[in-house]
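The lines below spell out each chain.
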Amino acid sequence: VQLQASGGGSVQAGGSLRLSCTASGRTFGSYFMGWFRQAPGKEREYVAGIRWNGGITYYSDSVKGRFAVARDNARRNVVHLQMNSLKPEDTAVYYCAARNVPGAPTDAAQYDTWGNGTLVTVSS
């Protein structure tokens, strides 16, 4: 599977952005997709995840209640990350990732495939 992330940009605090991750290739083999972010000088951080089949979602405490991850209803190979009430500390490069075995890990090392990053900048 190949992943392509898009939708990043600049927004003021309190605003919203929607990121998209488009999967191509052998997507039927993907079990779980996660979103991570990495701010300058910091480690890559788990943000949210979704089971490819069934749609069960998971969130880090830092984004719970503000972000929502979901598969696109029409384009089943696309996963969105809706980000609301954005804060300056949400500024980072955001990545989507997939794993082909069961589990919903928050550890980036447990993911098989990574997409490109998309930059989100939130100004105060």
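Residues numbered from 1 in each chain as written. Predicted model: local features only at pLDDT ≥ 70, side-chain atom pairs only at ≥ 80, totals over all residues. Heavy atoms only, no water.

Asks: Hey, could you go over the sheet that holds strand 4 (residues 32-38) for me, with residue numbers and the actual values?
Replies: One open sheet holds the six strands; their spatial order is 2-10-9-4-5-6, and the pairing between them is mixed. Of all strands in the sheet, those bounded by a partner on one side alone are strand 2 (9-12) and strand 6 (57-59). Between one strand and the next, the sheet's axes are offset by a mean angle of 20°, whatever the strand orientation. With four bridges connecting them, strand 2 and strand 10 (residues 113-123) associate as parallel partners. Counterpart to Ser10 in the pairing with strand 10 is Thr121. (Pairing = 2+ DSSP bridges. Helix = DSSP H or I, 4+ residues; strand = E, 2+ residues; numbered from the N terminus. Axes fitted to C-alpha atoms, helices over the stretch in contact; angles between N-to-C directions.)

Asks: Give me the lowdown on the state of the cysteines, citing residues and values where you can.
Replies: Inspection of the entire model under this criterion finds one disulfide. Put simply, Cys21 and Cys96 are joined by a disulfide, and their sulfur atoms are 2.1 Å apart. Linking Cys21 and Cys96, the disulfide has an S-S dihedral of approximately 70° and is accordingly described as right-handed. In this pair, Cys21 is assigned in strand 3 (residues 17-24) and Cys96 in strand 9 (residues 92-99), connecting sequence segments 75 residues apart. With respect to class, Cys21 is no different from Cys96; both count as buried. (Disulfide = S-S within 2.5 Å. Buried < 20%, exposed > 50% of the residue type's maximum accessible area, 1.4 Å probe, protein only.)

Asks: Please give an account of unusual backbone geometry that cites residues and values.
Replies: A positive phi angle, near 50°, is found at Ser85, a position not held by glycine. Following the sequence through the fold, Ser85 ends up in the loop between strand 8 (78-83) and strand 9. Here Ser85 falls in the partly exposed class, since its relative accessible area comes to 42%.

Asks: Now, about the packing of aromatic side chains: what can you tell me, with residues and values included?
Replies: Counted according to the given criterion, the structure contains seven aromatic pairs. A ring pair is formed by Phe36 and Trp114, whose centres lie 5.0 Å apart and whose planes are at 55°; its orientation type is tilted. In this pair, Phe36 is assigned in strand 4 and Trp114 in strand 10, connecting sequence segments 78 residues apart. What makes Phe36 buried here is its relative accessible area of 0%. On the basis of an interplanar angle of 80° and a centroid distance of 6.3 Å, the ring pair of Tyr95 and Trp114 is categorised as edge-to-face. Here the residue Tyr95 occupies a position in strand 9, and Trp114 occupies one in strand 10, the gap between them amounting to 19 residues. Taking relative accessible area as the criterion, Tyr95 reaches 17% and is therefore assigned buried. Residue Trp114 is classed as partly exposed on the basis of its relative accessible area of 28%. (Phe/Tyr/Trp six-rings, centres within 6.5 Å; stacked < 30°, edge-to-face > 60°.)

Fair warning: the whole summary comes from geometry, so function is off the table for now.
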